[in-house]
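For reference, the chains in residue letters:
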Amino acid sequence: MTSTPLAEVLDGQHAADLRKAARALLKQPLLLARGRYADEFRLVRRHASELREWFDRNTGWSLQTDAEAARLRKIPGVLSDPTHPAREATRAAAPFTRRRYVLLCLALAALERGEAQIALGRLAAQVVLDAADPHLVRAGIRFTLDRREERLDLAAVVRLLLNLGVLRRVAGDEEAYVSGAGDVLYDVERRVLAGLLAARRGPSTVHAETHPDRLAELVAETALDSDELRFRAIRRSLTRRLLDDPVLYYDELTDAELGYLTRQRGFLTARISELTGLVPEVRAEGIAMVDPDDDLTDVRMPEQGTHGHVTLLLAEYLAAVGGPVTTDRLALRVRELAAEHGGFWAKSAREPGMEAELVEQAVTRLAALGLVFRTADGVAPRPALARYAVGEAVVREPGSPPRMPSQRKAGKP
């Protein structure tokens, strides 16, 4: 019996631990030394040097680690993608609105200037004061936090910060604050707070006027004044999209990006597979990096329950239609489906007028998965949606999992 050399065993264990650490960062880009991800944090710290070099070279994302936290500063491959809003702590929570994002920014600014502890009432007062800034007023932003709806929004922001580890609850409950019956006291984790912003330059140094231009300035790389730097920027952008997005469609790329991907596809996908275990699925329309473990995702398809069933049935319908469909037609289709499958749905989903809400939730999920895109009056299918056509013969590459790349890789705090 031949024994495996110790060096091979150690190399295999090292590769497995490195992959586990990389996957932990992709799933949760902010890992704390305490709490539910403590084991993953220790693994990341152990392999921080290799991970830092890999992410910098291939994605341009910086990795910062200290005794309290590990922060992978992820920058999206597509800055204009609206399909991945912040949520409190669960996928069932309502997505953040524009109001909540503004409140989040004001709250972070107040915490940065504040002490090591802060009460929610004190934070609210500071937010109201800062919201009187003339620039915000001209933009139509106004907060008094007198109304319950506004206090609910601030409570949602605080719960997000609690989940990220920026705040730790000492006493009290957010519900008491919302109802006006009490206050809440928090410890402020200043080192976690300081590492939260993921940008290549300070927001105060951005002078562009339009929102897209301001986002571009925030994450712009250094001057790309040589072929080497331009190719590096393209490699980083493509790798970010392959890691973060459910599908990379060729028709979304510039000529330079498509040319680079055509030449370097095998190299790019192999590098990602080696580090993360994701499997490339290459189709005529694009590439998806599929997770055999179905773990690096925050949006799944299909899911259990009424909304998951409705989404799957509408996906089959859109795949069969093959072209744009109005929201009115989708609502009609939901009514037809309710007559056929309503016995398996929640009672509330069968009530008159629920069709619009069911359609909106389904379309939101399908758009987040890269399966449809919104039009002026409805949605249109994208090529990957064909996987859900009933009766379609699916041809998969060896080693790929049985379902479509129907998930978005997770983690963008």
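You'll find the structure just up there.
Keep in mind the model is a prediction, meaning the values are calculated, not measured. (Residues numbered from 1 in each chain as written. Predicted model: local features only at pLDDT ≥ 70, side-chain atom pairs only at ≥ 80, totals over all residues. Heavy atoms only, no water.)

> I would appreciate a short explanation of the overall build of the protein in the present structure.
In terms of helices and strands, the protein carries 15 helices and twelve strands. In summary, the protein has a C-alpha radius of gyration of 23 Å against a globular reference of 22 Å for 413 residues, a match within 12%. Judged by the C-alpha coordinates and their principal axes, the protein covers about 65 × 60 × 55 Å. Taking all 413 residues of the protein together, the buried fraction comes to 45%. A separation of at least 24 residues holds for 62% of the contacts in the protein among residues at least 6 apart in sequence. Across the protein, 59 positive and 59 negative side-chain charges occur, with their mean positions spaced 1 Å apart. (Helix = DSSP H or I, 4+ residues; strand = E, 2+ residues; numbered from the N terminus. Rg over C-alpha atoms; globule rule 2.2 N^0.38 Å. Buried < 20%, exposed > 50% of the residue type's maximum accessible area, 1.4 Å probe, protein only. Contact = heavy atoms within 4.5 Å. Lys, Arg positive; Asp, Glu negative; His and termini not counted. Charge placed at Lys NZ, Arg CZ, Asp CG, Glu CD.)

> Can you help me understand the sheet that holds strand E2 (residues 62-65) in this one?
In any sheet, the strands associate via hydrogen bonds between backbone groups, in a parallel or an antiparallel arrangement. Read from one edge to the other, the open sheet built from three strands follows the order E1-E3-E2, with strand pairing classed as antiparallel. The open sheet has two edge strands, strand E1 (30-32) and E2, and neither has a second partner. Each strand of the sheet is rotated relative to its neighbour by a mean of 5°, with strand direction disregarded. Against the sheet, helix H3 (residues 48-58) makes contact with E2 and strand E3 (69-73), and its axis sits at roughly 160° relative to E2, the strand it touches most. (Pairing = 2+ DSSP bridges. Axes fitted to C-alpha atoms, helices over the stretch in contact; angles between N-to-C directions.)

> Which parts of the structure should I look at to understand the nonpolar core?
Soluble globular proteins tend to bury their nonpolar side chains together. Membership of the largest hydrophobic core comes to 39 residues, with the highest contact counts inside it found for Leu111, Leu120, Leu123, Leu161, Val166, Leu167 and Tyr177. Secondary structure elements with two or more residues in this core: E1, helix H4 (98-113), helix H5 (120-130), helix H7 (148-164), helix H8 (174-178), strand E6 (184-188) and helix H9 (190-194). Those residues within four positions of leucine 120 in sequence are excluded, and the remaining contacts are Leu154, Val158, Glu174, Tyr177, Asp183, Val184 and Tyr186. Ala22, Trp54, Phe55 and Met289 belong to the second largest nonpolar core, which has 38 residues in total. (Core = buried A, V, L, I, M, F, W, Y, C linked by side-chain atoms within 4.5 Å.)

> Teacher, can you tell me more about the environment of leucine 229 here?
Residue position: leucine 229 is located in helix H11 (residues 227-244). Look past the residues within four positions of leucine 229 in its chain and what remains in contact with it is Ala223 and Leu224.

> Even after reading the chapter, I still don't get unusual backbone geometry, so can you show me in this structure?
Comment: phi is negative for the bulk of residues other than glycine, and the bulk of peptide bonds are trans. The phi angle at leucine 145 is positive, at roughly 60°, despite the residue not being glycine. In this fold, leucine 145 is placed in the loop between helix H6 (134-138) and H7. Unusually for a residue other than glycine, aspartate 294 sits at a positive phi of about 50°. One can find aspartate 294 in the loop between strand E9 (286-290) and helix H13 (305-321).

> Mind showing me how you'd approach the pairing of E9 here?
Most of E9 sits inside the fold, with five of its five residues counted as buried. With burial as the criterion, each face of E9 is covered, one bearing Gly286, Ala288 and Val290 and the other bearing Ile287 and Met289. As paired elements, strand E8 (residues 279-282) and E9 share four bridges and run antiparallel to each other. Directly across from glutamate 281, in E9, lies its bridge partner alanine 288. Following E8, the chain reverses through three residues before pairing antiparallel with E9.

> Would you explain helix H2 (residues 38-46) in this entry?
Owing to its 3.6 residues per turn, the α-helix aligns residues three or four sequence positions apart on the same side. Listed in full, the buried residues belonging to H2 are Ala38, Phe41, Leu43 and Val44. On its buried face, H2 is in contact with helix H1 (6-27), E1, H3, E2 and E3.

> Explain the packing of aromatic side chains here, please?
Working definition: an aromatic ring pair is given by the centre-to-centre distance plus the angle between the planes. According to the stated counting rule, one finds four aromatic pairs in the structure shown. Ring centres of phenylalanine 96 and tyrosine 101 lie 5.6 Å apart, and the angle between their planes is 65°; this geometry places the pair in the edge-to-face category. A relative accessible area of 6% means that phenylalanine 96 is categorised as buried. Site record: aromatic cluster; members linked through ring pairs are Trp54, Phe55 and Trp61. (Phe/Tyr/Trp six-rings, centres within 6.5 Å; stacked < 30°, edge-to-face > 60°.)

> What's the story with a nonpolar patch on the surface in this structure? I'm lost.
Together, Leu6, Val9 and Leu10 make up an exposed nonpolar region whose accessible area comes to about 300 Å². Position of leucine 6 relative to the elements: it lies in helix H1. (Patch = residues over 30% accessible without salt bridge, like charges linked within 9 Å, V, L, I, M, F, W, Y side chains within 5 Å. Areas by Shrake-Rupley, 256 points an atom, 1.4 Å probe, with all protein chains shown as cover. Salt bridge = Lys/Arg side-chain N within 4 Å of Asp/Glu carboxyl O.)

> Mind showing me how you'd approach the sheet that holds strand E10 (residues 325-326) here?
The strand order across the open sheet formed by three strands is E10-E12-E11, and the pairing between neighbours is antiparallel. Edge positions in the sheet fall to E10 and strand E11 (372-374), since each has one partner strand and no second. The pairing of E11 with strand E12 (residues 378-381) spans three bridges and is classified as antiparallel. Of the residues in E12, the one forming a bridge with valine 372 is proline 381. Along the sheet face, helix H15 (residues 355-368) touches E11 and E12 and points at about 115° away from the line of E11.

> What is the right way to look at the packing of H4 against H5 in this model?
To describe two helices that pack against each other, one gives the angle between their axes and the distance between the axes. Axis separation between H4 and H5 bottoms out at 9 Å; the angle between their running directions is 110°. Overall, the two elements H4 and H5 adopt an arrangement that is roughly perpendicular. Here H4 runs over H5; the crossing is right-handed. Contact residues: Leu103, Leu106, Ala107, Ala110, Leu111 and Arg113 in H4; Leu123, Gln126, Val127 and Asp130 in H5. Residue composition of the contact of H4 with H5, grouped by class: seven nonpolar, one polar and two charged. (Parallel < 35°, antiparallel > 145°, perpendicular 65-115°, else oblique. Left-handed = near helix turned anticlockwise from the far one by under 90°. Nonpolar A, V, L, I, M, F, W, Y, C, P; charged D, E, K, R; others polar.)

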